[in-house]
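Survey of secondary and tertiary structure
Residues per chain, in single letters:
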Amino acid sequence: MTTTPGPFDPADTDDGAEPSHLVLENTLGEYSLWPLFRRVPEGWHTVYGPQTYGRCVARLQDPPA
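Notes on the structure in this doc start here. (Residues numbered from 1 in each chain as written. Predicted model: local features only at pLDDT ≥ 70, side-chain atom pairs only at ≥ 80, totals over all residues. Heavy atoms only, no water.)

**Some remarks on the environment of Gly43**
Mapped onto the elements, Gly43 comes out in the loop between strand E2 (31–35) and strand E3 (44–51). As a C-alpha pair, Gly43 and Leu28 span 15 residues in sequence and 9.5 Å in three-dimensional space. Here Gly43 is in contact with Glu25, Asn26 and Thr27, once residues within four sequence places are set aside. (Helix = DSSP H or I, 4+ residues; strand = E, 2+ residues; numbered from the N terminus. Contact = heavy atoms within 4.5 Å.)

This is the structure we're talking about:
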């Protein structure tokens, strides 16, 4: 899977970066990359994080079995 950075995505480095994102999952098994400053929406729960943006993207690209 290839991702294209959006206008609000942080730089491509995680060196010394503070945790800034979560990986969420809903009841349908769909995943979402979610910023920490936003409240987790109803119907979603955290499955990874808080962690850096890059690590959350990597988790979405290669989820555990």
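**A few points about the sheet that holds E3**
The strand order E2-E1-E3 describes an open sheet built from three strands, whose pairing is antiparallel. Of all the strands in the sheet, the pair left with one neighbour each is E2 and E3. Averaged over all pairs of adjacent strands, the angle between their axes in this sheet comes to 30°, without regard to strand direction. Packing against the sheet, helix H1 (residues 53–61) makes contact with strand E1 (21–26), E2 and E3, and its axis sits at approximately 130° to E3. (Pairing = 2+ DSSP bridges. Axes fitted to C-alpha atoms, helices over the stretch in contact; angles between N-to-C directions.)

**What about the side chain of Ser32?**
With respect to the helices and strands, the residue Ser32 is situated in strand E2. Note on Ser32: relative accessible area 18%, which makes it buried. (Buried < 20%, exposed > 50% of the residue type's maximum accessible area, 1.4 Å probe, protein only.)

**Side note on unusual backbone geometry**
The omega torsion across Gly49 and Pro50 is 10°, close enough to zero to call that bond cis. Inspection of the secondary structure puts Pro50 in strand E3.

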